[in-house]
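Single-letter residue listing:
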2 protein chains.
Amino acid sequence: MTVELISVGTEILLGNIVNTNAAFLAEQCAGLGLSCYYQTVVGDNAERLEQTIRTALDRSDIVILSGGLGPTQDDLTKETAAKVMGRELVMDEHSKQCIQDYFTRRKIELTDNNWKQAMVPAGAIVIENHNGTAPGIIMEENGKRVILLPGPPNELVPMFKESVYPYLNDIQPGIIYSQTVKICGVGESKAETMVADLIEGQDNPTIAPYAKTGEVHLRVTARAEDEKEAKKLVKPMVKELKNRFGSYIYTTKEDVTLEQAVVDLLLANHLTVATAESCTGGLLAAKLINVPGVSEVFKTGHITYSNKAKRKFLGVKKMTLDKYGAVSEDAAREMAKGTAVVTKADVAVSVTGIAGPDGGTKEKPVGLVYIGCSVCGKVTVKEFCFQGNRSKIRESSVIAALSLMRQCILEYYSKVTFG
Amino acid sequence: MTVELISVGTEILLGNIVNTNAAFLAEQCAGLGLSCYYQTVVGDNAERLEQTIRTALDRSDIVILSGGLGPTQDDLTKETAAKVMGRELVMDEHSKQCIQDYFTRRKIELTDNNWKQAMVPAGAIVIENHNGTAPGIIMEENGKRVILLPGPPNELVPMFKESVYPYLNDIQPGIIYSQTVKICGVGESKAETMVADLIEGQDNPTIAPYAKTGEVHLRVTARAEDEKEAKKLVKPMVKELKNRFGSYIYTTKEDVTLEQAVVDLLLANHLTVATAESCTGGLLAAKLINVPGVSEVFKTGHITYSNKAKRKFLGVKKMTLDKYGAVSEDAAREMAKGTAVVTKADVAVSVTGIAGPDGGTKEKPVGLVYIGCSVCGKVTVKEFCFQGNRSKIRESSVIAALSLMRQCILEYYSKVTFG
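Residues numbered from 1 in each chain as written. Chains lettered and ligands numbered in written order. Predicted model: local features only at pLDDT ≥ 70, side-chain atom pairs only at ≥ 80, totals over all residues. Heavy atoms only, no water.

1. Points about the interface of chain A and chain B
Our working definition: Whether two residues are in contact is decided by their heavy atoms: any pair within 4.5 Å suffices. Buried area counts how much accessible surface, traced with a 1.4 Å probe, disappears from two parts once they are put together, with both parts' losses summed. Salt bridges are identified by distance alone: a Lys or Arg side-chain nitrogen within 4 Å of an Asp or Glu carboxyl oxygen. Within 3.5 Å is the distance limit for a polar contact, defined as a pair of N or O atoms, with the added protein rule that one can donate a hydrogen and the other accept it, and that residues adjacent in sequence qualify only through two side-chain atoms. The way it works is that DSSP assigns letters per residue, a run of H or I at least four long becomes a helix, a run of E at least two long becomes a strand, and they are numbered from the N terminus. DSSP calls a pair of strands paired once it identifies at least 2 bridges connecting them.
Each partner contributes to the interface: chain A provides 59 residues, whereas chain B provides 59 residues. Between chain A and chain B, the buried area comes to about 4400 Å², and carbon and sulfur atoms account for 57% of it. At the boundary of chain A with chain B, the tally comes to 0 salt bridges. At the junction of chain A with chain B, the criterion picks out 20 residue pairs in polar contact (both at pLDDT 80 or more). Here the side of chain A that touches chain B takes 7 residues from strand β2 (residues 35-42) of chain A, the largest share from any one element. Here 5 bridges tie β2 of chain A to strand β2 (residues 35-42) of chain B, and the two strands are oriented antiparallel to one another. Counterpart to Tyr38 of chain A in the pairing with β2 of chain B is Val42 of chain B.

2. What to know about the pairing of strand β9 (residues 175-184) of chain B
All names here are of chain B. The test is simple: Exposure is judged per residue with a 1.4 Å probe applied to protein chains only, and the accessible area is read against the type maximum: over 50% gives exposed, under 20% gives buried, and values in between give partly exposed.
Of all 10 residues in β9, 8 are buried; the element is thus mostly enclosed. Pairing of β9 with strand β11 (residues 215-224) involves 10 bridges; the strand directions are antiparallel. Directly across from Ser178, in β11, lies its bridge partner Thr221. Inspection of the sheet shows β9 paired to strand β12 (residues 249-251) by 2 bridges, in the antiparallel sense. In the sheet register, Lys182 faces β12, and the bridge partner there is Thr251.

3. A few points about helix α2 (residues 20-31) of chain A
All names here are of chain A. Which entries qualify depends on this criterion: Between the first and last residue of a helix there are one fewer steps than residues, each counted as 1.5 Å, and that sum is the expected span.
When the terminal C-alpha atoms of α2 are compared, their 17 Å separation across 12 residues agrees well with the 16 Å that a helix rising 1.5 Å per residue should span. With 9 of 12 residues buried, α2 is to be regarded as a mostly interior element. If you check which residues of α2 are buried, you get Asn21, Ala22, Ala23, Phe24, Leu25, Ala26, Gln28, Cys29 and Gly31. The first or second residue beyond α2 is Gly33, which carries a positive phi of 80°.

4. Here we look at the relation of the copies chain A and chain B
There are two copies of the chain, and a rotation about an axis plus a shift along that axis relates them. Which entries qualify depends on this criterion: Copies overlap after least-squares fitting; the atoms used are the C-alpha atoms of residues with pLDDT of at least 70 in both.
With an axial shift of 0.2 Å and an RMSD of 0.2 Å, the rotation relating chain A to chain B amounts to 180°. Seen this way, the second copy is the image of the first under a two-fold rotation axis. The residues that chain A uses at the interface reappear at the interface of chain B in 100% of cases, marking a shared surface.

5. Regarding the sheet that holds strand β9 (residues 175-184) of chain A
All names here are of chain A. To keep things clear, this is the line we draw: Helix axes use the C-alpha atoms of the stretch in contact, all axes being lines fitted to C-alpha atoms, and the angles between their N-to-C directions lie in the range 0 to 180 degrees.
If you trace the 4 strands from one edge of the open sheet to the other, you get β10-β11-β9-β12, paired in antiparallel fashion. The open sheet has two edge strands, β10 (206-212) and β12 (249-251), and neither has a second partner. Taken over all neighbouring pairs, the strand axes of this sheet differ in orientation by 35° on average, direction set aside.

6. Points about unusual backbone geometry
A cis amide bond links Gly356 of chain A to the next residue, Pro357 of chain A, at an omega of 0°. Its location among the elements puts Pro357 of chain A in the loop between β15 (347-353) and β16 (368-375). Omega for the peptide link from Asn204 of chain B to Pro205 of chain B comes to 10°, which places this bond in the cis form. Among the secondary structure elements, Pro205 of chain B is positioned in the loop between α7 (188-200) and β10 (206-212). In the Ramachandran plot, Lys344 of chain B falls in the positive-phi region, its phi being about 60° despite a non-glycine side chain. Position of Lys344 of chain B among the secondary structure elements: in the loop between α13 (329-343) and β15 (347-353). Positive phi values are uncommon outside glycine, yet Cys376 of chain B reaches one of about 50°. Turning to its location among the elements, Cys376 of chain B is positioned in the loop between β16 (368-375) and β17 (378-385).

7. Regarding the packing of helix α9 (residues 258-268) of chain A against helix α14 (residues 390-414) of chain A
All names here are of chain A. For clarity, the threshold we go by: For classification, angles of less than 35 degrees are called roughly parallel, those exceeding 145 degrees roughly antiparallel, those between 65 and 115 degrees roughly perpendicular, and all remaining angles oblique. It is the rotation of the near helix from the far one that decides the hand of a crossing: anticlockwise by less than a right angle makes it left-handed, clockwise makes it right-handed. Gly is put with the polar residues, along with every residue not named as nonpolar or charged; the nonpolar set is Ala, Val, Leu, Ile, Met, Phe, Trp, Tyr, Cys and Pro, and the charged set is Asp, Glu, Lys and Arg.
Two elements in contact, α9 and α14, have axes separated by 10 Å at closest approach and are oriented at 30°. Taken together, the axis directions place α9 and α14 in an arrangement best described as roughly parallel. Here α9 runs over α14; the crossing is left-handed. Counted together, Leu258, Glu259, Val262, Leu265 and Leu266 of α9 and Ile399, Leu402, Ser403, Met405, Arg406, Ile409 and Leu410 of α14 form the full contact between these two elements. Of the residues that constitute the contact of α9 with α14, the class distribution is 9 nonpolar, 1 polar and 2 charged.

8. Quick look at the environment of Asp346 of chain B
All names here are of chain B. On the secondary structure map, Asp346 appears in the loop between α13 and β15. Placed 93 residues apart in sequence, Asp346 and Lys253 show a C-alpha to C-alpha distance of 27 Å. Not counting residues within four places of it along the chain, the set of residues in contact with Asp346 comprises His270, Leu271, Thr272, Ser374, Val375 and Cys376. A distance of 2.7 Å separates a polar atom in the side chain of Asp346 from the backbone nitrogen of Thr272.

9. A look at empty space enclosed by the protein
Our working definition: Detection works on a 1 Å grid of protein atoms alone, calling trapped sets that fit a 1.4 Å probe cavities and calling open sets with protein on both sides within 12 Å along at least five of seven lines pockets, with lining residues defined by an atom within 4 Å of a point. Grid points are joined across faces, edges and corners, and a volume is the space filled by probe spheres set on the points.
With the rule as written, the count across this model stands at 3 cavities of 30 Å³ or more. Taken together, 19 residues make up the lining of the largest cavity; nearest its centre are Asn19 of chain A together with Asn19, Ala22, Gln39 and Val41 of chain B. Elements that contribute at least two residues to the lining of the largest cavity include exactly α2 and β2 of chain A together with β1 (2-8), α2 (20-31) and β2 of chain B. Each residue belonging to the lining of the largest cavity can be placed in one class, and the counts come to 12 nonpolar, 7 polar and no charged. Forming the boundary of the second largest cavity are Val375, Lys378, Thr380, Cys408, Glu411 and Tyr412 of chain B. Those elements that place two or more of their residues in the lining of the second largest cavity are β17 and α14 (390-413) of chain B. Ranked by residue count, the leading element in the lining of the second largest cavity is α14 of chain B, at 3 residues. Looking at the lining of the second largest cavity residue by residue, the class counts come to 3 nonpolar, 1 polar and 2 charged.

10. Some thoughts on the packing of aromatic side chains
All names here are of chain B. Put simply, the rule is: The rule is short: rings of Phe, Tyr and Trp, with Trp giving its six-membered ring, pair when the centres are within 6.5 Å, and they are stacked under 30 degrees, edge-to-face over 60, tilted in between.
A complete count under the given rule lists 11 aromatic pairs over all chains for this structure. Note on Tyr102 and Phe103: the rings are 5.9 Å apart at their centroids and 70° apart in plane angle, and the pair reads as edge-to-face. Pair check on accessibility: Tyr102 and Phe103 agree, each one buried.

So, to be careful, I would describe these as geometric facts and stop short of saying anything about function.
Given below as structure tokens:
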């Protein structure tokens, strides 16, 4: 089955916002095994919107529209889609009640134009919006489907996950089941080479590689009669990937991030952590602290951008800085050691590097980064040479630091070795 | 004149990447005064791509395609666009040389398929790519224009700014001139109310408000015969905005960010800075450290997520934490004071709050954040109540901290007052 996405909104046409909804919906639809050949953005204009919906319905089985469901006269998506599908708008009592409740809870005065949002195309499936006032709508006609979703991502995303994903899964022959194998510490092209033979001959399940900064995600997807059958197809492939990537796999769970995996590892081993950052300037600590519940393990973070701060707060030796420079294996080692001493944390990680755009030399080019990790006194330092601009180099450094922390903790506690 | 954007790439259709190119191009085109009614995403498929280009050319004056200019057989954009415009592909000697040089500089072996990128449609304007191997292409025919740009943002963005923007500006009647007034410390809806009368009656120049997290940007745009005329139209409007927003305007320069403005202010007053962060966990320091040259002013940053760390590293009193809690005006004040003492920085800023999702109570809900700022011993603390999820609350806190730093420094040194 084919799906097509239409995003409605002048703010996207003006470049005022980035269209993250389309990326989210596209990824979800791909995960459902739907083929998407077109995405369109169009403004709040009745004529152009109508033409766009008609074109999409001609060439695709399912058309998902997002945006333009607000209470103002500008919002035309529902009216236009209903017209194309030949439906009248009727008052939906349940939606009306939900809107009333929404305003009452928030103690905001309800104005007459808000009732517009309770009008729905006759015979449509109405989806309750738990995070806003515009209900979602599904219209079915002659094997074609039009789905309307609210524009704000904090309304669209949960509504899609809760209601539209199961709906789309149900209408397809059999079911789709996916599992994602998340890998860090292996480069993107190396990872792709390592699975090239599997991708080459794939049919069911399929493997799709997704490259993130410093990570590779391999999504294994199978289609089958029922979930049990699909899982049976996915399982041996995930096992094969585990054989090939071993300890470099940090999770096979959809919602676990690398920082979450590191925090889980710290929690499981009753370890505390502290950070010392130079070029990343707090990004590593910020990433860890984005994990809810991190307070049990995170002791303190130091941002020692200057040499003075490295000496004063972490006890890095003046001689080391003079002889080898702040961006050196020795400095990274002393930063990690010093952090462990000062904070008494079990795990201490340090980052020092040249993020650019200035400060690079022939011997120490922009992108050169040293990352140190001390686990209960055992210090490991690794050298990296990252590509890209200042923010890309800093982002790569953070992921590499998380990856190194993970490896060092596993090597220390689980006697796992990394190839 | 109308413009239409076509993004070519399976990775966008699969939701593997977010289409930031479209947002960038849309914003630039809007700035040029071009009307954009449609954006389309299509995959590397000759038939669908050809149909999409034909449809776009039928209804728009200028069609900008991005992506699909790579060296592989999958990359079809140039071939397809040339076919639609009735052009042959011919070897461009200058592009060939550039590709040769690119590989020589990087010491990478050049393979035969790379020469495909030096083939250009006959009679096209060829734009040199300073960051990659695919040249940009402009084709003109009967008042219609097709522009091809490489997909990677680090190639597309500079190529557009250097070559395509001036080209598009030249072909339009008169010229467009914009100036952006950037404001912090004033809420979005308040700012919009303060300029509602100006927007209501606008014609030339126009004012477009862009809401960012914690900031509002007002872009004033005029069209005129020449730049001098356009500037003359923009100037009184910018002056009027300066009257209305006063010290809340942190810059009227396009490329100055809030963190840059704060660092500039520190540099101008020969001030050093240090940070102490709890809920933002390093994000504030990371933001400051993203400004090249910050090393002259940034002393050190402390991430004191736990109460213990707040006491040990910043000297926050146990009594304060017991009596008022870590998220309190008193704790923020002592964190700022302590940071100033420990680091001897002239400006010390502290952030403590509840970013959620857990940890909120009725008295201290998720989103409650206290920010303290000490300027040469004078400490100011402000209370904020932010909306949104964990990462939104942290982001809002960072912007509010930068804004407060700016206000405190200005009040101390320039005797400016904020209303």
